[in-house]
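Each chain, written out:
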Amino acid sequence: MYPDFVSHVRAQADVHGDTRFYAYHREVGLELVEEVLSFREIDRRARATAAWLSQRPEADRPVLLLYLDSIDFLPAFLGCLYAGVIAVPAPLPHDQQSTQRVAGMLDDADIGLVLTTSAYAELLTAWIADNGRAETVSCVYTDADDLGDAESWRMPDLDGDTVAFLQYTSGSTSEPKGVMVTHGNLLHNEATIAATVGFDDAATGVSWLPHFHDMGLISMLLPLYAGGDLVFMSPLAFLKRPVRWLEMIDRYRAEFTLAPNFAYELVARRATDEQLAGLDLSSLRVALNGAEPIRSRTLDAVIERLGTAAFPPNAFVTAYGMAELTLLATASRVGDPPVRIDVDAAALERNVAVLTTDDTGVRLVSSGPPRDLDIRIVDPNTGIALPDNRVGEIWVRERASPPVTGTARTRPRPGSAPSWRGRGRTCAPGTSACATSATSSSPAG
């Protein structure tokens, strides 16, 4: 394994060149237009961005990335890593909540430079000024042809302890906070995910997840890590017409896809017989479900509804993760149906999982065994591990280096002792890993 993510990506670009690609489907009017970047071109654009960044005085601090389309974001994000600059992925402000969130990042991460595209640079410059930061924060668009000279790029001094980016948590279980992800963290989690789902240099993935969310970002980088192909579109393109997701899987014979539970539920509900006619989803090996509570009824609905399009009934992989771990914590085994149990609803409200066989129970779906981690279910008030069949808080500790990521403003200490991280609530039936229900959380970010 290379000591840093940049060296690994450059090696993949050397090996695969123009034979591996990222195919982005950009919305143009009512249609999707394919834009293809090979590994070679992604590397070239990243080097050009990095060469330009190395001349910017603001780049000695974290750089905020505000992009609508992932294909524009990717070279800018990698350019930051190629320059040894800390990248901060964030949603393009579009409503009050996202505007407040991004404004908080400007202060929390001490941002001096914002990168975007020419379509949004003027609006963001005005927004920065309206927030009283015109003198301290610059906004530059990166889709100019003359941004930087790729040939003048020089590899910075990077290692596994170098911070690659700040990943702000979704705030699903606490206030959003910046998590410092090192090159070592990123390499380790990508290797774990690739091994878990069997993603290699012959694989093709399909995604529409936002690049500023941890599951979206890490899965977008997975093909670069493993040497596979990625076909993707924006979240809005998916929400406007969910069947596009299935059409891409069919067209590109994708083996891997992933999404939160709501998306599987949406596509099962919205896909019509006419839309499904002629689709062939049999190429799928993995349909990963994570980032929010996993519903048993959703798995059943997808298997039944998409069965006519040859959706493999054993394709579902259920998973749990968090930004504090880079992403993946647990996952069910590829090819095995996720474990489900029925528990008494009243007992569950008392934080006890009592198995039941009647129709009044609550069905829970396992998120699978831990992946290179020690996981405990503990009493959040005492920190003491709970016995089997009790509901508590999930505490996680790495088994080996690299260490669990550090929170923003607190740099992880190389070689420090493994520490426990607590987040979410779930039950621990028997000795199986975390399960999810309507009253527990299964966030991947």
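Everything numeric in this text was worked out from a predicted model, so none of it was measured.

Q: Even after reading the chapter, I still don't get the nonpolar core, so can you show me in this structure?
A: Residues Tyr22, Phe77, Leu78 and Trp245 are the most contacted members of the largest nonpolar core, which totals 102 residues. Ranked by size, the runner-up nonpolar core spans 22 residues in total, among them Leu64, Leu66, Ala103 and Leu166.

Q: Any chance you could explain helix α12 (residues 296-305) here in plain terms?
A: For the α-helix, the turn length of 3.6 residues means that residues three or four positions removed from each other point alike. Considered for burial, the residues of α12 that qualify are Ser296, Thr298, Leu299 and Val302. The arc that holds the buried residues of α12, viewed along the axis, is 165°, so those residues lie on one side. Among the exposed residues of α12, those pointing more than 90 degrees away from its buried face are Arg297 and Glu304. Where α12 is buried, its residues meet α10 (261-270), β12 (286-289), β13 (316-321), β15 (340-343) and β16 (362-366).

Q: It is not clear to me how the packing of helix α1 (residues 5-16) against helix α2 (residues 39-53) should be interpreted in this structure. Could you clarify?
A: For any two helices packed against each other, the geometry is given by the interaxial angle and the distance between the axes. At a closest axis distance of 8 Å, the pairing of α1 and α2 adopts a crossing angle of 140°. By the criterion of interaxial angle, the relationship of α1 to α2 is oblique. Considering the relative orientation of α1 and α2, their crossing is left-handed. Across from Arg10, Gln12, Ala13 and His16 in α1, the residues of α2 making contact are Phe39, Asp43 and Arg47.

Q: Can you walk me through the sheet that holds strand β1 (residues 21-28) in this structure?
A: Backbone hydrogen bonds hold the strands of a sheet together, and the pairing may be parallel or antiparallel. Strand order in this open sheet of 8 strands is β2-β1-β10-β9-β11-β12-β13-β14, and the pairing throughout is mixed. Across the chains shown, the open sheet's two edge strands, defined by having one partner strand only, are β2 (31-38) and β14 (328-331). When the angles between neighbouring strand axes are averaged without regard to direction, this sheet yields 25°. The pairing of strand β9 (residues 204-207) with strand β11 (residues 256-259) spans 2 bridges and is classified as parallel. Residue pairing in the sheet places glycine 205 in a bridge with phenylalanine 256 of β11. Those strands touched by helix α3 (residues 70-82) are β1, β2 and β10 (229-233), and its axis lies near 135° from that of β1.

Q: Even after reading the chapter, I still don't get the pattern of salt bridges, so can you show me in this structure?
A: If the charged atoms of two oppositely charged side chains come close together, the side chains can form a pair. Scanning the entire structure with this criterion turns up 22 salt bridges. Of the charged contacts in the structure, one is a salt bridge between glutamate 35 and arginine 26, with a shortest N-O distance of 2.4 Å. A salt bridge links glutamate 34 to arginine 251; the nearest nitrogen and oxygen atoms lie 3.9 Å apart. Linking glutamate 34 in strand β2 with arginine 251 in helix α9 (residues 243-252), this pair joins segments that are 217 residues apart in sequence. Judged by relative accessible area, which is 36%, glutamate 34 ranks as partly exposed. Residues joined by salt bridges that share partners form a network here, namely Arg10, Asp43, Arg47 and Glu151.

Q: Even after reading the chapter, I still don't get α3, so can you show me in this structure?
A: Here α3 contains 13 residues, and its C-alpha end-to-end distance of 18 Å stays within 8% of the 18 Å for a straight helix at 1.5 Å per residue. Counting buried positions along α3 gives 12 out of 13 residues, so the element sits mostly inside the fold. Within α3, the full set of buried residues consists of Ser70, Ile71, Phe73, Leu74, Pro75, Ala76, Phe77, Leu78, Gly79, Cys80, Leu81 and Tyr82. Glycine 84, located one to two residues past α3, shows a positive phi value of around 75°.

So, how was this worked out
- Residues numbered from 1 in each chain as written.
- Predicted model: local features only at pLDDT ≥ 70, side-chain atom pairs only at ≥ 80, totals over all residues.
- Heavy atoms only, no water.
- Core = buried A, V, L, I, M, F, W, Y, C linked by side-chain atoms within 4.5 Å.
- Buried < 20%, exposed > 50% of the residue type's maximum accessible area, 1.4 Å probe, protein only.
- Helix = DSSP H or I, 4+ residues; strand = E, 2+ residues; numbered from the N terminus.
- Arc of directions from axis to C-beta.
- Contact = heavy atoms within 4.5 Å.
- Axes fitted to C-alpha atoms, helices over the stretch in contact; angles between N-to-C directions.
- Parallel < 35°, antiparallel > 145°, perpendicular 65-115°, else oblique.
- Left-handed = near helix turned anticlockwise from the far one by under 90°.
- Pairing = 2+ DSSP bridges.
- Salt bridge = Lys/Arg side-chain N within 4 Å of Asp/Glu carboxyl O.
- Expected span 1.5 Å × (residues − 1).

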